[in-house]
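Fold and geometry: a report
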Amino acid sequence: MSTKEEKNRIELLQGTLDLLILRTLLLGPAHGHAIAKAIEFRSDDVLQVEQGSLYPALHRLLKRRWISVEEGTSENNRRAKFYQLTTLGRTQLALETSKWDKLTAAIGRILRPTEEGPS
Amino acid sequence: MKRRERMLRGLDQEIRDHIEMATQDNIDRGMSPEEAHYAAVRKFGNVTRVQEDTREVWSFTWFENALQDVRFGLRKLRKSPGFTIVAVLTLALGIGANTAIFHLIDAVRLRSLPVRDPQSLVSLQIKGGNHGFGINAGDESLLTYPLWEQIRDHQTSLSGAFAWESWDFNVGLGAQKKSVIGLWVSGEMFRSLGILPEKGRFLTTEDDRAGCGTPGVVLSYAFWRTQFGSDESIVGQKLIVDSHPIEIIGVAPAKFTGLEIGKAFDIAVPFCSGPALNSKDTNLSRREFFWVLVMGHLKSGVTLAHASAELETLSRGMIEATVPSGYSEDALKTYHDFRLTTLPAGGGISNLRQSYSASLWLLLGITGLVLLIACANIANLMLVRSSVRGREMAVRLALGASYWRLATQMITESLLLAGTGAALGLVLAKVFSHTLISLIRTEGDRLQLDLSLDWRVLLFVSAVAITTSVVFGLAPAFESLRKEPVDALKSGGPKTGSRQSHAFQRVLVVSQIAISLVLLVGAFLFVLSFWNLTKVDPGFRQDGVLIAYMGFDKMGVTPEHYDDTARQLLAQIRSIPLVESAATSTHLPFNGSWTSGVDVGGVQGQSKFSWVSPGYLRTLQIPLAAGRDFNDRDTATSPRVAIVSQSFVHKFLGAHDPIGKVIRTAPEPDYPAAVYEIIGVAKDTKYTGLREETPPAEAYAPSTQFPAPGPDTAVLIRSSAPLSAVSAAVRDKVTSASSEIDIEFVVLKKSIEDRMIRERLLALLSGSFGFLALILAMIGLYGVISYIVTLRRAEIGIRMALGASRKNIVTIVLGQTLSLTFLGIAVGALLAPLATRGAAALLYGIRPQDPFTLVAASVFLGSVALCASVIPARRATLVDPMIALRYE
């Protein structure tokens, strides 16, 4: 891991990790490492999951009953905990996604006002 | 909770798997296994912290943390027992002493009477007191019974005015006879106070009518419980009061123990029973005998000032209607000028309050200061500890503990200390307040105070404990918050980096020393004052004197023979071999007062008068300066003679030869005008008490010439044998002559000591608190000096390596001590005079600003401070330069 690589990486915003986890689980059940890896992979390694915050985040979601957990077997035949989206989680994801869209759009308008204008 | 456990189960396995998978990924990317593992761990972060954070999602974290903090705190405190014991004891003593004193103040001062509307309760008194007119049973708040009758019939500003007075009665018969505290009450009292009987009924105005005989007696709850075992069928039974069976008509509720604080009543009888209970008793009609207290409630909407003004106008008629006879016109002028006024009485009447409240507030101030020192001490100890624990804090911070967690940890620790200290303090408080009460309780004054723990005291203690713990808990917390963990880790121990805390600790120690000096000065003053008092020469010899009070009204002696009977009793006592000399007197040292208007060769004034038997001066060893003592030839029919004191001569005769001069006394009821010839001069004696500055003019006359003998006598007995043996012999002798004689003994010296109780209490308590403060301040000083030595270990090592001698090192450390001590003493010396100024009235023979006391206290404090710093100074010299330098 060179320094250059690290410069391109972005620390996750507070609270966005929850959203990303939910979105990742929309594809199907996954265990902790897989979730972290998926987030990094799907963002082309730009987003780095602060792994220390992954497990607290997972449990936060469990507590709110947005995800559930099941024992399962991982790809290399090991027992692992698999997290999966609940119905409640799905609704929440939709809600959060639309909120996120509004937020990014709003921030975008502020940061690049010229792009919106005709000139 | 269950769900939480299910969810968290296997969390560490999950994390381990996670890291393993990450490691595998890294290996797949071409790292060596070892490198891959470290990279994975690095990326994952602090495993413990992740686990903790994850758990925290699920829990009432604060609760778990608190539990954990408590467990950890307890372990920590157990690990350093020295610190814990000192801290807890410091707090317990501080809190215990404060609570005890507060408790007492509360019982004596703050509590209102448990009666209807205590705020509107007022007492009626003569404005400005009665100036010693007539005969007084107590202080100047008392009125005569005829005056009360006037008030009852004519006053308009109060509702339910009532009168009462406490009185000693005997209950039971024969061997079962015992003395109890009774109340004379007017019929209005219980109804006016709005209290309801526990059993039966209370006395009413129907009962309290002139010539009522003995309509009934009301018992106090305590008396009913202890003497009758809470007998349910008590009402209707008879109680023998002063040999008269009286029907028990009711029992008072437990909360009502009377109107006088510290003196709970046992029985209550109506005033009108007076003549029936004691055939001779004419107190109800005596216009010169001041003995009843009159109280009442202000009518609603009437202010105290309004009631006073109204009463002042009305009382003119009441006074004129009750002018006593038998006085000279001169004396009566005082009486005509009397006017009544009202004073608030909702807190009850209390001699205790009058004599102790100033002292109690002072003591509360003292204990408050002690608590302050105690807190400073704890803070200091905690600071020293937290700096020693700097490394532990740093490690925990580095391991991911949050600052907040560390701070709460420190606060928990202090709360633990405060809690233990407060609990122990409460126990100590109980012990202290019982000790205090036994210290101010005397034989003559059975003190009963309600010391059951009430919420106010509890609130007070908790407030003290919590404030204390927060005060000293936060200081170390701030300390550890301010430090950079990396610095602390690097230095590996307490470091010079904490210059500021160092300064804070110095301030703490300097203020501790300053406060200790103030307390020490106070202690010195009160101890010296008490010492002065015990060294006062009263003009007579106090030790080896027993006083026997004998009452023979049950013997059926007729008034003409009272004097003979008293003389026979004296003769019997004199015949006992153990008795060296004995004499009767109508006045006993420091007990009551009898004043008479006199005219000596045209010079008018007042003189004390006592009627004594021959041998009185010898028994008390009062030297005769001139003339002769009384003898058996001075009888009722011989010319009236008197021995006067030197003050009497000085006041009335100046340089004239007193012998042979004539005293004319002014008439008073039962004491007609008389003419006495002076036959001797006695040395002055103190009359009212040891604190008396100048003895009053005093005259003695022979007991045979006493115009108003009663069925009782007091005999002063001098003996070099143990007084307990003497009293036994006297009792045997007297009761073998007649079993109807009541006899009581008082040891003169003891009774005089009992009168110095306030001074003794103050000396004892301020002394012990001063000592306590000193110890606490020295612990503080010791702690800080040790701390400074530890901080400067490297510097000391370098100095020693460069050739400094042990003496140099000791000088450096002691210099540090001295500068702190001097600063503290300087501040204390400025504060002490301000603090002790209020104590002037409580001191005897010494001024509050006495410079000698200040100097002595300072020197004492300074030398103790030096001693306290010798140990750390010695430890400094034991520093091995090599080790100290390497440590750095």
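Scanning chain B from N- to C-terminus turns up 28 helices and 23 strands. Within chain B, the fraction of its 888 residues that count as buried is 51%. For chain B, the proportion of contacts with a sequence separation of at least 24, taken over those separated by at least 6, is 81%. Counting every atom, chain B has about 39,800 Å² of accessible surface; 59% of that belongs to carbon and sulfur.

The subject of this paragraph is the interface of chain B and chain A. Contacts between the two partners involve 22 residues from chain B, matched on the other side by 22 residues from chain A. With both sides pooled, the region where chain B packs onto chain A buries about 2,200 Å², and carbon together with sulfur makes up 54% of that total. For chain B, the biggest contributors to the area lost against chain A are E14, H18 and K43 of chain B; these three give 28% of the whole. Remark: the boundary between chain B and chain A carries two salt bridges. The interface formed by chain B and chain A holds six residue pairs in polar contact (both at pLDDT 80 or more) in total. Elements supplying a minimum of two residues to the side of chain B that touches chain A: α1 (2–8), α2 (11–28), α3 (33–44) and α4 (47–58) of chain B. The element best represented in the side of chain B that touches chain A is α2 of chain B, accounting for nine residues. Split into classes, the residues belonging to the side of chain B that touches chain A amount to ten nonpolar, three polar and nine charged.

With that settled, consider the packing of helix α19 (residues 562–574) of chain B against helix α22 (residues 723–737) of chain B. Residue and element names in this part refer to chain B. Two elements in contact, α19 and α22, have axes whose closest approach is 9 Å; the angle formed by their N-to-C orientations is 135°. With respect to their mutual orientation, α19 and α22 come out oblique. The handedness of the crossing between α19 and α22 is right-handed. Every residue of α22 that contacts α19 at L569, Q572 and I573 is listed here: V730, K733, V734 and A737.

The next thing to look at is unusual backbone geometry. Positioned with a positive phi, R65 of chain A is a non-glycine residue whose angle comes to about 65°. Summarising the element assignment, R65 of chain A is placed in the loop between α4 (51–63) and β3 (67–73). Owing to a relative accessible area of 48%, R65 of chain A belongs among the partly exposed residues under this scheme. For S243 of chain B, which is not glycine, the phi dihedral falls at a positive 70°. Looking at S243 of chain B, the relative accessible area reads 38%, which means it is partly exposed.

Turning to the pattern of salt bridges, a few remarks are in order. Counting across every chain of the model gives 16 salt bridges over all chains. R60 of chain A is the partner of D18 of chain A in a salt bridge, and the nearest nitrogen-oxygen pair spans 3.3 Å. With D18 of chain A in helix α2 (residues 16–25) and R60 of chain A in helix α4, this pair connects stretches of sequence that are 42 residues apart. Its relative accessible area of 10% is what places D18 of chain A among the buried residues. Residue R60 of chain A is classed as partly exposed on the basis of its relative accessible area of 31%. The partner of R541 of chain B in a salt bridge is D543 of chain B, with the nearest N and O atoms 3.3 Å apart.

Turning to the sheet that holds strand β22 (residues 712–718) of chain B, a few remarks are in order. All names here are of chain B. The strand order across the open sheet formed by four strands is β14-β22-β13-β23, and the pairing between neighbours is antiparallel. Taken across any chain shown, the strands that pair with only one partner, and hence form the sheet edges, are β14 (581–584) and β23 (742–747). Here the strands of the sheet are splayed against their neighbours by 20° on average, with no regard to which way each runs. Along the sheet face, α19 touches β13 (545–551), β14 and β22 and points at about 165° away from the line of β14. Strands in contact with α22 are β13, β22 and β23; relative to β23, the strand with the most contacts, it is inclined by about 165°.

It is worth spelling out the pairing of strand β19 (residues 662–665) of chain B at this point. All names here are of chain B. Only one face of β19 is buried: it carries I663 and T665, and the other face, with V662 and R664, is open. Direction of pairing for strand β15 (residues 595–600) relative to β19: antiparallel, over a ladder of three bridges. Note on β19: the bridge partner recorded for V600 is I663. With four bridges joining them, β19 and strand β20 (residues 674–682) adopt antiparallel strand pairing. Following the sheet pairing, T665 is matched in β20 by A674.

Procedures and definitions
- Residues numbered from 1 in each chain as written.
- Chains lettered and ligands numbered in written order.
- Predicted model: local features only at pLDDT ≥ 70, side-chain atom pairs only at ≥ 80, totals over all residues.
- Heavy atoms only, no water.
- Helix = DSSP H or I, 4+ residues; strand = E, 2+ residues; numbered from the N terminus.
- Buried < 20%, exposed > 50% of the residue type's maximum accessible area, 1.4 Å probe, protein only.
- Contact = heavy atoms within 4.5 Å.
- Areas by Shrake-Rupley, 256 points an atom, 1.4 Å probe, with all protein chains shown as cover.
- Buried area = accessible area lost by both parts, 1.4 Å probe.
- Salt bridge = Lys/Arg side-chain N within 4 Å of Asp/Glu carboxyl O.
- Polar contact = N/O pair within 3.5 Å; in protein donor to acceptor, adjacent residues only side chain to side chain.
- Nonpolar A, V, L, I, M, F, W, Y, C, P; charged D, E, K, R; others polar.
- Axes fitted to C-alpha atoms, helices over the stretch in contact; angles between N-to-C directions.
- Parallel < 35°, antiparallel > 145°, perpendicular 65-115°, else oblique.
- Left-handed = near helix turned anticlockwise from the far one by under 90°.
- Pairing = 2+ DSSP bridges.

Spatial relationships are all this shows, so hold off on functional conclusions.
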